[in-house]
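The lines below spell out each chain.
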Amino acid sequence: MTKFNAWNVFKNGLNGQTGWSRQWRDPEPKSSYDAVIVGGGLHGLATAYYLAKHHNMHNIAVLEKGWIGGGNAGRNTTIVRSNYMMPGNREFYEHTLQLWENLSHDLNYNVMFSQRAHVVLIHSPGALDAYARRYNTMKLTGSDGELWSLEKLKKKIPHLNYDNGRFPILGAIVQPRAGNARHDSAVWGYARAADSLGVDILQNCEVTGITRKNGSIESLQTTRGNIKGKKIGFAVAGHTSVLWQMAELGNLPIESHKLQAFVTEAVKPLLDCVLIFGPGGAAHFYISQSDKGSMVFGGELDWYKSYAQRGNLPTVKENGECAMAIMPCLGKLRLLRHWAGVMDMSMDGSFFMCKTPLDNLYLNAGWNYGGFKASPASGWYFADLIANERPHKVIENHNLERFEKGINLDERGIGPDPKMHG
Amino acid sequence: MILIKCPYCGERDHSEFSYGGDASIIYPSLDAPQEEWVKAIFFRENIKGIQKETWQHINGCRMWLEVERSTITHEITSIKPCHKNLQKVIDN
């Protein structure tokens, strides 16, 4: 792999760009590996990378049923933040934000992480109190947070609809270090870096059957032959239940729901932060502007369980209404495309990263709305779990037994209704 | 748009309805062991295929319906009132 640096850019500028090597190999599957990660999204690729980098494992395969980054890694709104409050979640997401801050250097690949601030509009005194508490709690573990008055907000983002009678804007709560990253770059960066450490990335390799023996998984049947793994990790957000049942492990505290995202035609610079409209009762809507100029936005789930990667029209309408409510200047923009991703919505809105009833199987699932931003830390802690065969202290409660113990990591305080944990 | 044929009101857009959730869950008796309650409240089969679920016609007759729907294609194969006695009234 040719490293990206100023000298190589200069050299290849002179020799017609002929000096670059492939970004990652396209190897044939071996019959067995020390670790097999099922799922070639950001979480799976990051896990393989950190296993190789930190835990000296190099005989690793990442199995992807389609092409890497074609699932939820390519179906998100690319927001990175760490404004979580529950113990465990707070440390985890702050860690992920710190990994993002250095990811481009770490991977030698520009993931275009832009810390442009995450601005949550406040519409009621109750929401203000709740958010002030949340952001003060976050500060205990080193995350940053600011409360902006209406005057400051108006100065920073003058073109919002401040004349909203039903949901008046009182101010904003802000995380300046949060922002956006480029999703494809993160996928390609992790794939390239993992590959250079010896990881086999096997695309078009769908797991179709699982053979168990003596309380562990003996082999995985795939569309590219049987593959054995001394250790196996599932990181297949959306279809975790399907794989879990393929291994005859029963039910999970997860429902699969679809979440849509939308992209408009490109315009000149209009919004230089990630803007959130409506939490605390009004709505749920988030919008930012991509580097190409498109407005990227999304909101609630489609509300009914689904494995279909396509969205439905009432949600398109609702998101359009939210966009118009907060930024009426968007009214003349046309939608270029919209899509849906299948989410693992968990019973308390938090993820699972744990050992399983099978000795050599490890689970990484239940990411709800938090999957994209979580991916670096997800890979970091999942690799740590697989290599050391015990959960790190930060994720010690992110297991399947937490419900019977009464440990609900429920950020919104909604209760066991997965569709409500948006 | 999913079209849901309400037994009381006829065929309507799904935006008139509110999604309830998995209708296959049978809640255990009040004095059942804790494990049974944990399973009923927190664990789901999460079927990829045809599943039984509830919808409420909130912007119509407000009745609860039991619907069989594919979670892959969203095609609905059966709709009946959740309340068994109401089904009898419709049948008569």
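Analysis parameters
Residues numbered from 1 in each chain as written. Chains lettered and ligands numbered in written order. Predicted model: local features only at pLDDT ≥ 70, side-chain atom pairs only at ≥ 80, totals over all residues. Heavy atoms only, no water. Salt bridge = Lys/Arg side-chain N within 4 Å of Asp/Glu carboxyl O. Helix = DSSP H or I, 4+ residues; strand = E, 2+ residues; numbered from the N terminus. Buried < 20%, exposed > 50% of the residue type's maximum accessible area, 1.4 Å probe, protein only. Axes fitted to C-alpha atoms, helices over the stretch in contact; angles between N-to-C directions. Parallel < 35°, antiparallel > 145°, perpendicular 65-115°, else oblique. Left-handed = near helix turned anticlockwise from the far one by under 90°. Contact = heavy atoms within 4.5 Å. Pairing = 2+ DSSP bridges. Expected span 1.5 Å × (residues − 1). Buried area = accessible area lost by both parts, 1.4 Å probe. Polar contact = N/O pair within 3.5 Å; in protein donor to acceptor, adjacent residues only side chain to side chain. Nonpolar A, V, L, I, M, F, W, Y, C, P; charged D, E, K, R; others polar.

Overview of the pattern of salt bridges
Where side chains of opposite charge bring their charged atoms close, a pairing between them can arise. Residue and element names in this part refer to chain A. Under the definition given, this model contains 26 salt bridges over all chains. The partner of Glu-28 in a salt bridge is Arg-224, with the nearest N and O atoms 3.6 Å apart. Taken as a pair, Glu-28 in the loop between helix H1 (6–14) and strand S1 (32–38) and Arg-224 in the loop between strand S10 (216–222) and strand S11 (225–234) lie far apart in primary sequence, 196 residues in all. Given a relative accessible area of 24%, Arg-224 falls into the partly exposed group. The partner of Glu-396 in a salt bridge is Lys-393, and the shortest N-O contact between them spans 3.6 Å. By relative accessible area, Glu-396 is classed as partly exposed at 39%. Because the salt bridges share partners, they merge into one network encompassing Glu-94, Glu-101, Asp-144 and Arg-177.

Details of the packing of helix H2 (residues 42–54) of chain A against helix H7 (residues 183–196) of chain A
All names here are of chain A. Two numbers describe how H2 lies on H7: the axes approach to 9 Å, and their chain directions differ by 30 degrees. The pairing of H2 with H7 is recorded here as roughly parallel in orientation. Classified by chirality, the crossing of H7 by H2 is left-handed. Residues Leu-42, Leu-45, Ala-46, Tyr-49 and Tyr-50 of H2 form the contact with H7, whose own contacting residues are Ala-186, Val-187, Tyr-190, Ala-191, Ala-193 and Ala-194.

What about the sheet that holds strand S14 (residues 285–289) of chain A?
All names here are of chain A. Taken in spatial order, the 8 strands line up as S5-S6-S4-S13-S14-S15-S12-S16 in an open sheet, and their pairing is mixed. Only two strands of the sheet have a single partner each, and these edge strands are strand S5 (146–149) and strand S16 (335–346). Strand-to-strand twist across the sheet, computed as the mean angle between neighbouring axes with direction ignored, equals 25 degrees. Looking at chain direction, strand S4 (residues 118–122) and strand S6 (residues 171–175) are connected through 5 bridges and run antiparallel. Looking across to S6, one finds that His-118 is bridged to Gln-175. Across the face of the sheet, helix H9 (residues 313–326) comes into contact with S4, strand S12 (254–266), strand S13 (274–277), S14, strand S15 (294–305) and S16 while running at roughly 135 degrees to S15.

Describing the side chain of Glu53(B)
Residue and element names in this part refer to chain B. Within the secondary structure, Glu-53 is located in strand S4 (residues 50–56). Residue class for Glu-53 comes out buried when judged on its relative accessible area of 0%. Excluding anything up to four places from it in sequence, Glu-53 contacts Tyr-19, Gly-21, Asp-22, Ala-23, Leu-65, Glu-66, Val-67 and Arg-69.

As for H7(A)
Residues and elements named next belong to chain A. Over its 14 residues, H7 extends 20 Å from the first C-alpha to the last, a length consistent with the 20 Å expected when each residue adds 1.5 Å. Among the residues making up H7, those that are buried are His-183, Asp-184, Ser-185, Ala-186, Val-187, Gly-189, Tyr-190, Ala-191, Arg-192, Ala-193, Ala-194 and Asp-195. On the buried face of H7, the contacting elements are H2, helix H3 (89–101), helix H4 (103–107), strand S8 (200–202) and helix H10 (371–388). The first or second residue beyond H7 is Gly-198, which carries a positive phi of 100 degrees.

Considering the interface of chain A and chain B
Tallying the contact residues gives 28 residues for chain A and 23 residues for chain B. When chain A packs against chain B, close to 2,200 Å² is buried across both sides, 54% of that on carbon and sulfur atoms. For the chain A face of the interface with chain B, the top three residues by lost area are Tyr304(A), Lys305(A) and Tyr307(A), together amounting to 28%. At the boundary of chain A with chain B, the tally comes to 1 salt bridge. The shortest N-O distance in the salt bridge between Arg44(B) and Glu255(A) comes to 3.5 Å. Here chain A and chain B share 15 residue pairs in polar contact (both at pLDDT 80 or more) between them. For the side of chain A that touches chain B, the secondary-structure elements that each account for two or more residues are helix H8 (240–246), S12 and S15 of chain A. Ranked by residues supplied to the side of chain A that touches chain B, first place goes to S12(A) with 5 residues. For the side of chain A that touches chain B, a count of residues per class yields 13 nonpolar, 9 polar and 6 charged.

These results come straight from atomic positions and should not be treated as a statement about function.
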